[in-house]
2 protein chains.
Amino acid sequence: MEPAGATGQDGAGRLTRQTVLAAALELVDEHGLEALSMRRLGQVLGRDPMSIYRYAANRNELLAGVAELMLDELEVFPDDTNWQEQLRRIAHELRRVCLRHPNAVPLLVTGPLSTPLGLRPAGTLRPLEQILGILIGAGFAPADALHIYRAFYGFLYGHVLNELQELIADPEENEALLRLGLQRLPLRDFPHLRRLAPELLDYDGEQELDEGITILLAGLGEQLNAGRSS
Amino acid sequence: MEPAGATGQDGAGRLTRQTVLAAALELVDEHGLEALSMRRLGQVLGRDPMSIYRYAANRNELLAGVAELMLDELEVFPDDTNWQEQLRRIAHELRRVCLRHPNAVPLLVTGPLSTPLGLRPAGTLRPLEQILGILIGAGFAPADALHIYRAFYGFLYGHVLNELQELIADPEENEALLRLGLQRLPLRDFPHLRRLAPELLDYDGEQELDEGITILLAGLGEQLNAGRSS
DNA sequence: ACCTGAACACCGTTCAAGT
DNA sequence: ACCTGAACACCGTTCAAGT
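Definitions and cut-offs
- Residues numbered from 1 in each chain as written.
- Chains lettered and ligands numbered in written order.
- Predicted model: local features only at pLDDT ≥ 70, side-chain atom pairs only at ≥ 80, totals over all residues.
- Heavy atoms only, no water.
- Helix = DSSP H or I, 4+ residues; strand = E, 2+ residues; numbered from the N terminus.
- Buried < 20%, exposed > 50% of the residue type's maximum accessible area, 1.4 Å probe, protein only.
- Contact = heavy atoms within 4.5 Å.
- Phe/Tyr/Trp six-rings, centres within 6.5 Å; stacked < 30°, edge-to-face > 60°.
- Near = heavy atom within 4 Å.
- Polar contact = N/O pair within 3.5 Å; in protein donor to acceptor, adjacent residues only side chain to side chain.
- Buried area = accessible area lost by both parts, 1.4 Å probe.
- Salt bridge = Lys/Arg side-chain N within 4 Å of Asp/Glu carboxyl O.
- Domains from an automatic or database assignment.
- Nonpolar A, V, L, I, M, F, W, Y, C, P; charged D, E, K, R; others polar.
- pLDDT = per-residue confidence, 0-100.

Undergrad: What is the right way to look at the overall build of chain A in this model?
TA: Regarding its fold elements, chain A presents 11 helices and 0 strands. Mapped from its N terminus to its C terminus, chain A presents α and β elements in the order α-α-α-α-α-α-α-α-α-α-α. Looking at chain A as a whole, 50% of its 230 residues are labelled buried. The contacts of chain A with a sequence gap of at least 6 include a subset with a gap of at least 24, amounting to 64%.

And the structure:
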């Protein structure tokens, strides 16, 4: 009989990097980023905290590993449909992964800041490589593929951040909470914002993302067709 | 004669919230986010660390204050040029603020995650209110203004994150470092990425942002003109 | 009423001591 | 050679003691 729920472990059995990272992600999901400490993770795993250093060089490397694990949930389908549909699909896929692990999104988004590309964990680079592959396979010049990737991923990350900012934990109290929040704002300084309370309440992130992607892809196509000179 | 450089302080003179936040931002700029501790900030200010609690309820509130201070650097010009040019200008403005304080960008971008809108510091909400004002002033229905704001700000944040990810500290060693990084990647798994090394090196963030904004604004205009039915 | 700083309950990480 | 855990140098925050 196992002692605890989910990834709960006691001293028995060998740890894996996967097990450690999975437990770390679970900790973040349930108790937030700041709950992920070496000591607490050790406790969850039923091990001496120091033993974690066998699977991650230090806390930062552990955090990077959690981000990597998250991205493993992202499946890329190399279908034969056109590239635009593939990117759209990836966008929705990544959005869902982020909504599943909102507490871990900062790791994904600001974790690798100013870490040189080549030094990042392979898992983090895989989506980039795959998208480049899709675009180059669709006939784009590599430089154009990179251009499209940047616009696409930038928009995608931005959207996810936007959506998470508007998401509030308790869906029951959403309306009350948000309203309450907005009431606090001085009407004099924030007239527009206060007036938009109802619209802020029924935000459809999936649709908003989809529309944005449509606009962006259409615009990128045009831009590339037009500017053959530069 | 003042004792130390920049915001340096010793025990003399009364502190202000502004002084405290400015010192905090400077600490982050120079030594990174993790260097911003109550104790170290107290030391920089030449005061007992506990005295900071007079100006910020706790560390999180301090971090939010730093983000707010950063946004104060963003000027919005209520010109009579058209709304698209105003948004474009804001975009470039925010980009520059972020490049000036790269270490503080996570505060801006993931700081207020899941804090209800109304409970955020006023400084954080001001850009939102101003942009809504610009758009509504330009004749958009409030709901459409919100729609445009979301797409615009999402793209903007995403771009800044993208750009910061590609930015490396030491501009002298950029090429060597990046190349070195990329060499580490298995050619088998990352053929496209490795091939794009030269293109990755001369990334022009300002132009990339400008093109993206153009595409987005054009697309948003079209979408709003077309879909009068929904 | 305000300010100070000792004390508490945590951290990440090093490294000597055990096996 | 591997694992353990004591020890070090930090944290944020509380709260009693001073003024």
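Still more to cover.
Undergrad: Help me understand the packing of aromatic side chains, please; the structure alone is not making it clear to me.
TA: Here the distance between the centres and the angle between the planes together describe a pair of aromatic rings. For the structure on display, the rule yields 8 aromatic pairs over all chains. Between Y153 of chain A and Y157 of chain A the ring centres are 5.1 Å apart and the planes differ by 45°, which places this aromatic pair in the tilted class. Within this pair, Y153 of chain A and its partner Y157 of chain A are both found in helix 7 (residues 142–166), separated by 4 residues, close to a single helical turn. On the basis of relative accessibility, which here comes to 5%, the residue Y153 of chain A falls in the buried class. The interplanar angle of 85° and the centroid separation of 4.9 Å between the aromatic rings of W83 of chain B and F140 of chain B together place this pair among those described as edge-to-face. Placement of the pair is W83 of chain B in helix 4 (residues 83–100) and F140 of chain B in the loop between helix 6 (122–137) and helix 7 (142–166), with a sequence separation of 57 residues. Taken individually, W83 of chain B and F140 of chain B each receive the classification buried, so the pair is uniform in this respect. Through successive ring pairs, a cluster of aromatic residues spans Y149, F152, Y153 and Y157 of chain A.

Undergrad: Please explain the protein's contact with DNA strand C as it appears in this structure.
TA: In the region of DNA strand C, the neighbouring residues are S37, M38, R39, M50, Y53, N58 and R59 of chain A together with R14, R39, D48, M50 and R54 of chain B. Within 4 Å of the protein, the contacting atoms of DNA strand C are drawn from sugar and phosphate to the extent of 48%. Measuring from a phosphate oxygen of DNA strand C, one finds a side-chain N or O atom of S37 of chain A at 3.2 Å. At a separation of 2.9 Å, a phosphate oxygen of DNA strand C approaches a polar backbone atom of R59 of chain A.

Undergrad: How do you make sense of the interface of chain B and chain A when you look at a structure like this?
TA: Contacts between the two partners involve 62 residues from chain B, matched on the other side by 61 residues from chain A. Together chain B and chain A conceal approximately 5600 Å² of surface at their shared face, both sides included; 69% is due to carbon and sulfur atoms. Counting across the chain B and chain A interface gives 2 salt bridges. Residue E166 of chain A is joined to R150 of chain B by a salt bridge in which the shortest nitrogen-to-oxygen separation is 2.8 Å. Our count for the contact surface shared by chain B and chain A stands at 18 residue pairs in polar contact (both at pLDDT 80 or more). Broken down by secondary-structure element, the contributors of at least two residues to the side of chain B that touches chain A are helix 5 (105–110), helix 6, helix 7, helix 8 (174–184), helix 9 (191–195), helix 10 (197–201) and helix 11 (205–226) of chain B.

Undergrad: How should the domain arrangement of chain A be read in this particular structure?
TA: Residue and element names in this part refer to chain A. Under the domain assignment used here, chain A contains domain 1 (17–56) and domain 2 (76–229). The C-alpha-based centres of domain 1 and domain 2 are spaced at 29 Å. Taken together, the contact pairs 5 residues of domain 1 with 6 residues of domain 2. Buried surface at the junction of domain 1 and domain 2, both sides included, amounts to about 440 Å², of which 65% is carbon and sulfur. In this assembly, domain 1 and domain 2 are joined by 0 salt bridges. Linking domain 1 to domain 2 there are 3 residue pairs in polar contact (both at pLDDT 80 or more).

Undergrad: Got a minute to help me understand the protein's contact with DNA strand D in this structure?
TA: Taken together, R14, R39, D48, M50 and R54 of chain A together with S37, M38, R39, M50, Y53, N58 and R59 of chain B make up the full set of residues adjacent to DNA strand D. Within 4 Å of the protein, the atoms of DNA strand D are drawn from sugar and phosphate moieties in a proportion of 45%. Between DNA strand D and the protein, one listed contact pairs a phosphate oxygen with a side-chain N or O atom of D48 of chain A at 3.2 Å. At 3.2 Å from a phosphate oxygen of DNA strand D is found a side-chain nitrogen or oxygen belonging to S37 of chain B. Here the surface near DNA strand D is built from residues that sort into 4 nonpolar, 2 polar and 6 charged.

Undergrad: Whenever I open this one, the side chain of R150 of chain A confuses me. Can you help?
TA: Within the fold, R150 of chain A resides in helix 7. Of the residues examined, R150 of chain A reaches a relative accessible area of 7% and is grouped as buried. Residues within four places of R150 of chain A in sequence aside, it is in contact with N162, E166, E199, L200, Y203 and E208 of chain B.

Undergrad: How should the environment of G181 of chain A be read in this particular structure?
TA: Locating G181 of chain A in the fold gives a position in helix 8 (residues 174–184). Residue classification places G181 of chain A among the buried residues on the basis of a relative accessible area of 1%. Once the C-alpha coordinates of G181 of chain A and D210 of chain A are considered, the two residues, 29 residues apart in sequence, prove to be 29 Å apart. Residue contacts for G181 of chain A: discarding those within four places in its chain leaves G118 and L119 of chain B.

Undergrad: Help me understand the pattern of salt bridges in this model?
TA: Residue and element names in this part refer to chain A. Taken as a whole and judged by the stated rule, the model has 14 salt bridges over all chains. The shortest N-O distance in the salt bridge between R17 and E61 comes to 3.3 Å. Within this pair, whereas R17 is found in helix 1 (residues 17–31), its partner E61 is found in helix 3 (residues 59–72), the two being separated by 44 residues in sequence. Several salt bridges converge on common partners, so that one network encompasses E85, R88 and D210.

Undergrad: Sorry if this is basic, but what is going on with the confidence of the model for chain A here?
TA: For residues with low pLDDT, the predicted coordinates do not support detailed interpretation. When pLDDT is averaged across chain A, the result is 87; 87% of the residues are at 70 or more. Within the model, pLDDT remains below 50 along residues 1–11 of chain A, and this stretch shows 14 contacts once partners closer than five positions in the same chain are excluded.

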